[in-house]
Amino acid sequence: MPSPTTKSVFWHGVRDGAPFILVLIPFSALFGVVATEAGLSVFEALTFSMMVLAGAAQFAALQLLVEDAPTLIAIVTALAVNLRMAMYSAALTPHLGAAPLWQRAVAAYFVVDQTYACSVAEYEKNRDWDMTRKLAYFFGVAAPVVPFWWGSTVVGAWLGAAIPDSLALDFAVPITFLAIITPMLRTPAHVAAAIVAVVMSLIFAFLPYSMGILVAGFAGMVTGAQVELLLARRQEVSER
Amino acid sequence: MIETPTLWIVMLSIGIGSYLMRFIFIGVIGDRPLPGWILRHLRYTGVAVLPALVAPLVLWPEATGGDPDPARMISAFLTLAVGVLTRNVLLAILAGGGSLYAGLALLG
C-alpha cells in the first residue's frame, strides 16, 4: 500500500476528531453557562477555555472559586485534575519527540483527551508514518475539536446570562463530573481509586480550605497504582 | 462573587501550569522513558481527584445549605448508573439533568 499524502492524513485526523464535537459543544457550553452564573463575563469565560483547554480542570477551578476556597487550593486542585496531560505528553513523546522544538511547543497546547487518544491509537496502527504525517494527523484531530471548544463556551456564556437562577444549575457541575468519571472506570484499579477517593473526601470534608479534596485525590491515586501492581503480580503468579 | 484579580490569577496559573504539564515530556524530556511508578500514579489522577471533588457536593449540596437532598442524590445516582451502563457521557448528563428536574418538581 502506498504511503498516504500528508494532506489525506490531515483529513483522516479531522474525520476522527469530528465526532467528539457532539460531546464538546454541550460540555463547553455548560462551562460558559456556569461561568456566567458565577459572575464571569463572556470574555473571561472564553479566556478561561482558551488558556486551560480542559473541561474538568475548568469546572473544578470554577467550583472551588464559587465556594470561596483559597486561590492556591483552586489552582492546585485544577492542576491535579490536569496531571493526566503530563501522562498524555509522555505517551506522545516517543512519536513526536523528534520534531523541531517549535512544532513540539505548538503541539503541546493541543494535547487534550481527544488528540492524545486518537493519535496514540493511529500511530500504533501506522508505524510507517514519518514525522510530517504524524504531526498532520495530530493537528487534523485538533482542528475540529479545539475551535468548537472555544466557540461553545462563548455561546454558553451568552445563554447563561439569560437563564434564570431557578434552574438549579448548582448541580450541573456534579452531574457533569459524574458523567465524565464513568467511562474512566475501566479496570478494578480505577474503580478502587474512585471509591477510596470518595470515602476519604467525605471523611476529610472537615479540613479547611477544601484540602480534603487533595488528600482524598492523593489517596485515590496511590490506591489505583497499588491495586494495579497487585493485580499485575497476581496475573504473573497465575500464568506461571 | 469571585474577585476579578483572584479569577485572573487562577486562570493564568492553571493555564500556564497545564501548558507546562503538556509540554514537559514532549518538549523537555524528549525520548527518554519515564519511570513506571510515575506513569502508574498519573493514570489515576482523574479518576481520583474528580470523585473526591464531587462526593461532598452530592451529599451536602450548597443550594440546600448543606442538607442532604433526595432529588439531587437520585439524580447523581442515575447519572452514574446511565454512565456506567451506556459509557456515554452525554446520555449520562441528560439522565442526571432530567431526573434532577423531575425530582425537584415531584419532591419540591
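Keep in mind that what you see is a predicted model, and the values were worked out from it rather than measured.

Broken down by element type, chain A carries twelve helices and zero strands. Across chain A, helices and strands are ordered from the amino to the carboxyl terminus as α-α-α-α-α-α-α-α-α-α-α-α. With respect to the three principal axes, the spread of C-alpha positions in chain A is 60 × 55 × 30 Å. By residue count, 54% of the 240 residues in chain A fall in the buried class. Taking contacts inside chain A between residues at least 6 apart in sequence as the whole, the part at least 24 apart equals 78%.

A separate point is helix α3 (residues 42–52) of chain A. Within α3 of chain A the residues assigned to the buried category are Glu-44, Ala-45, Thr-47, Phe-48, Ser-49 and Val-52 of chain A. Lining the buried residues of α3 of chain A we find α2 (21–37), α4 (55–66) and α9 (131–162) of chain A together with α1 (4–29) of chain B. One or two residues past the end of α3 of chain A sits Leu-53 of chain A, with phi positive at roughly 50°.

Another aspect to go through is the packing of helix α6 (residues 83–96) of chain A against helix α8 (residues 113–125) of chain A. Residues and elements named next belong to chain A. At a minimum axis separation of 10 Å, α6 and α8 run at an interaxial angle of 30°. By the angle class used here, α6 and α8 are roughly parallel. The two elements α6 and α8 meet at a crossing, and its hand is left-handed. Across the interface between the two elements, Arg-84, Met-85, Tyr-88, Ala-91, Leu-92, His-95 and Leu-96 from α6 touch Asp-113, Tyr-116, Ser-119, Val-120, Tyr-123 and Glu-124 from α8. Per-class residue counts for the contact of α6 with α8 are eight nonpolar, two polar and three charged.

Under the definition given, this model contains 16 aromatic pairs over all chains. Judged by centre distance (5.6 Å) and plane angle (85°), the ring pair of Phe-31 of chain A and Phe-59 of chain A falls under edge-to-face. Within this pair, whereas Phe-31 of chain A is found in helix α2, its partner Phe-59 of chain A is found in helix α4, the two being separated by 28 residues in sequence. Taking the relative accessible area as the measure of exposure, Phe-59 of chain A reaches 0% and is therefore buried. Residues Phe-43 of chain A and Trp-8 of chain B carry aromatic rings whose centres are separated by 6.1 Å and whose planes lie at 35° to one another, so their mutual orientation is tilted. Note that Phe-43 of chain A is positioned in helix α3 and Trp-8 of chain B in helix α1, a pairing that runs across two chains. The exposure class assigned to Phe-43 of chain A is exposed, which follows from its relative accessible area of 57%. Of the aromatic side chains, those joined through ring pairs into one cluster are Phe-27, Phe-31, Phe-48, Phe-59, Trp-149 and Phe-177 of chain A. The ring of Tyr-123 of chain A carries Lys-134 of chain A above its face, with NZ or CZ at 5.7 Å from the centroid.

On the secondary structure map, Val-237 of chain A appears in helix α12 (residues 211–239). The exposed category is assigned to Val-237 of chain A, whose relative accessible area is 55%.

All names here are of chain B. Taken as a whole, chain B shows an average pLDDT of 88; of its residues, 96% reach a score of 70 or greater. Mean pLDDT across the elements of chain B bottoms out in helix α2 (residues 36–42) (84) and peaks in helix α4 (residues 70–86) (93). For this predicted complex, the interface score ipTM comes out at 0.85, alongside a pTM of 0.80.

This part is about the interface of chain A and chain B. Listed by partner, the interface residues are 89 residues for chain A and 67 residues for chain B. Here Arg-43 of chain B and Glu-228 of chain A are joined by a salt bridge, their closest N and O atoms 2.8 Å apart. If you look at where chain A meets chain B, you find 16 residue pairs in polar contact (both at pLDDT 80 or more). Among the residues making up the side of chain A that touches chain B, the classes are represented as 65 nonpolar, 17 polar and seven charged.

Residue and element names in this part refer to chain A. You can read the domains of chain A as domain 1 (6–169) and domain 2 (185–235). Computed from C-alpha coordinates alone, the two centres of domain 1 and domain 2 are separated by 25 Å. Counting residues at the interface gives nine residues for domain 1, matched by six residues for domain 2. Taken together, both faces of the contact between domain 1 and domain 2 bury some 500 Å²; the carbon and sulfur share is 83%. Among the residues of domain 1 in contact with domain 2, Pro-70, Ile-73 and Thr-77 are the three that bury the most area, contributing 59% of the side total. Linking domain 1 with domain 2 are zero salt bridges, by the criterion used here. Looking at which element gives the most residues to the side of domain 1 that touches domain 2, the answer is helix α5 (residues 71–81), with four residues. For the side of domain 1 that touches domain 2, the residue count by class is seven nonpolar, one polar and one charged.

Residue and element names in this part refer to chain B. On the surface, Ile-74, Phe-77, Leu-78, Leu-106 and Leu-107 cluster together to form a nonpolar patch covering roughly 550 Å² of accessible area. For the nonpolar patch, the secondary structure elements donating two or more residues are α4 and α5 (89–107). In terms of residue count, α4 provides more of the nonpolar patch than any other element does, three residues in total. Relative to the helices and strands, Leu-78 resides in helix α4. For Leu-78, a relative accessible area of 32% corresponds to the partly exposed category.

Parameters and conventions
- Along each chain, numbering runs from 1 in the same order as the chain's sequence is written.
- Whichever chain is written first becomes A and whichever ligand is written first becomes 1, with later ones labelled in order.
- Local features in this predicted model are restricted to residues of pLDDT 70 or higher, and side-chain atom pairs are both shown and tallied only at a pLDDT of 80 or more, whereas totals for entire chains, interfaces and linings draw on every residue.
- With hydrogens and water set aside, each side-chain value is computed from the structure's full complement of heavy atoms.
- Secondary structure counts use DSSP, requiring at least four H or I residues in a row for a helix and at least two E residues in a row for a strand, with both numbered from the N terminus.
- Type-normalised accessible area, obtained with a 1.4 Å probe on protein chains alone, sets the label of each residue: buried when under 20%, exposed when over 50%, and partly exposed for intermediate values.
- Should any heavy atoms of two residues lie within 4.5 Å, those residues are counted as being in contact.
- Between N-to-C directions, angles cover 0 to 180 degrees, with each direction set by a line fitted to C-alpha atoms, over the stretch in contact for helices.
- If an angle is under 35 degrees, it is roughly parallel; if it is over 145, roughly antiparallel; if it lies from 65 to 115, roughly perpendicular; otherwise it is oblique.
- Whether a crossing is left-handed or right-handed is set by the direction in which the near helix is turned from the far one by less than a right angle, anticlockwise for left-handed and clockwise for right-handed.
- Under the convention adopted here, Pro, Cys and the residues Ala, Val, Leu, Ile, Met, Phe, Trp and Tyr are nonpolar, Asp, Glu, Lys and Arg are charged, and Gly plus all remaining residues are polar.
- Between the rings of Phe, Tyr and Trp (Trp by its six-membered ring), a pair exists once the centres lie within 6.5 Å; its type follows the angle of the planes, with under 30 degrees stacked, over 60 edge-to-face, and the other angles tilted.
- Note on criteria: charge over ring means Lys NZ or Arg CZ within 6 Å of the ring centre, with the direction from the centre no more than 35 degrees off the ring normal.
- Per-residue confidence from the predictor is given as pLDDT, running between 0 and 100.
- The salt bridge definition used is simple: a Lys or Arg side-chain nitrogen within 4 Å of an Asp or Glu carboxyl oxygen.
- What qualifies as a polar contact is a pair of N or O atoms within 3.5 Å, subject to a donor-acceptor requirement within protein and to the restriction that residues adjacent in sequence count only when both atoms come from side chains.
- What counts as a domain boundary in this text is fixed by an automatic or database domain assignment.
- Two parts placed together each lose some accessible area under a 1.4 Å probe, and the buried area is that loss summed for both.
- Patch construction takes residues with relative accessible area above 30% that form no salt bridge. Like charges are linked within 9 Å, and nonpolar side chains (Val, Leu, Ile, Met, Phe, Trp, Tyr) are linked within 5 Å.
- Per-residue and other accessible areas were derived by the Shrake-Rupley procedure at a 1.4 Å probe size, with only the shown protein chains allowed to occlude residues.

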